[in-house]
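# Commentary on secondary and tertiary structure
Listed here are the chains, written in short residue letters.
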Amino acid sequence: MFCTMLAGWHLQIAWAYVQGTGVYPGPLTELDFWIERAGNLQSIHEQLCGEKIQKVVKVLELANSTYHPAFERLFQDVESARQEASQNVKFLKPLRGFLEKINTMDDFVALADQFKPLLHVMLLIWKHSSSYSSSARFATLLREVCNDLIMQ
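Let me sum up the structure you'll find in this document. Here the residue numbering is sequential within each chain, running from 1 through the sequence in written order. Selection of residues for local features in this predicted model requires a pLDDT of at least 70, selection of side-chain atom pairs for listing and counting requires 80 or more, and totals for whole chains, interfaces and linings are taken over all residues. Side-chain measures here rest on the full set of heavy atoms in the structure, leaving out hydrogens and waters.

### Observations regarding the packing of helix H2 (residues 27-48) against helix H8 (residues 135-151)
Relative placement of two packed helices is described by the angle separating their axes and the distance separating the axes. Condition: As a rule, the C-alpha atoms of each element are fitted with a line to give its axis, helices using only the stretch in contact, and angles between N-to-C directions run from 0 to 180 degrees. Here a helix means four or more residues in a row that DSSP labels H or I, a strand means two or more in a row labelled E, and each is numbered from the N terminus. Orientation labels follow simple angle bins: below 35 degrees gives roughly parallel, above 145 gives roughly antiparallel, 65 to 115 gives roughly perpendicular, and whatever is left gives oblique. When checking whether two residues touch, look at their non-hydrogen atoms; a contact exists if any pair is within 4.5 Å. Classes in brief: Ala, Val, Leu, Ile, Met, Phe, Trp, Tyr, Cys and Pro nonpolar; Asp, Glu, Lys and Arg charged; the others, Gly included, polar.
H8 packs onto H2 with a crossing angle of 130 degrees between their chain directions and a minimal axis gap of 8 Å. The pairing of H2 with H8 is recorded here as oblique in orientation. Here H2 contributes Pro27, Glu30 and Trp34 to the contact with H8, which in turn contributes Arg137, Thr140, Leu141, Glu144, Val145 and Asp148. Broken down by class, the residue content of the contact of H2 with H8 amounts to four nonpolar, one polar and four charged.

### Section: the environment of Trp126
One can find Trp126 in helix H7 (residues 115-128). When the C-alpha positions of Trp126 and Phe91 are compared, they lie 9.4 Å apart, and in sequence the two are 35 residues distant. Apart from residues no more than four positions distant in its own chain, Trp126 is found in contact with Tyr132, Ser133, Ser134, Ser135 and Phe138.

### Details of the nonpolar core
In summary, soluble globular proteins display a tendency toward joint burial of nonpolar side chains. Our working rule: Side-chain atoms within 4.5 Å are what join buried Ala, Val, Leu, Ile, Met, Phe, Trp, Tyr and Cys residues into a set we call a nonpolar core. Each residue is placed in one exposure class: buried if its accessible area under a 1.4 Å probe, protein chains only, is under 20% of its type's maximum, exposed if it is over 50%, and partly exposed if it falls in between.
Ranked by size, the top nonpolar core spans 22 residues in total, and within it Leu92, Leu95, Leu118, Met122 and Ile125 carry the most contacts. Those elements that place two or more of their residues in this core are H2, helix H4 (67-92), helix H5 (96-104), H7 and H8. When near neighbours in sequence (up to four residues on either side) are disregarded, Leu92 contacts Glu30, Leu31, Trp34, Ile125, Tyr132 and Leu141. Ranked by size, the runner-up nonpolar core spans five residues in total, among them Ile44, Leu48, Val57 and Val78.

### Section: the packing of aromatic side chains
Note the threshold: Working definition: rings of Phe, Tyr and Trp (its six-membered ring) pair if their centres are within 6.5 Å, and the pair is stacked with planes under 30 degrees apart, edge-to-face with planes over 60 apart, and tilted otherwise.
Under the definition given, this model contains two aromatic pairs. Relative to Phe138, the ring of Trp126 lies with its centre 5.0 Å away and its plane at 65 degrees, an arrangement referred to as edge-to-face. Of this pair, Trp126 sits in helix H7 while Phe138 sits in helix H8, and the two are 12 residues apart along the sequence. Look at Trp126 and you get partly exposed, because its relative accessible area is 32%.

Given below as structure tokens:
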């Protein structure tokens, strides 16, 4: 939990710094965020499923502790967030190659060749991802891609 708070604090500081410099985050930043989040949540999940924590939870259950339901909710919340992060990584990873090309290409005319396959992958994400099928989240992703294009 401490690591998650620290990671969240780090991201808040980084976001504040990026906003302060006038630089806008791109979609690679979002992909990297989900990769880091998935790794952190996987680590927390492994700790929560570890033998020591399971013994503590069992004692709380047997003692009818008021903390037991809170631990159960914590397990469920971590599992739900872990699955969301893993799914987002799975769907956003195919964008990396196109986005890296957009960020490094100097020839704007050649850059136009990247639009069709990039938008096709984004359409697939929209259709198949439960997280990115919402208008708000997909619009954010599209805005981030536009930010990368503007920066070029």
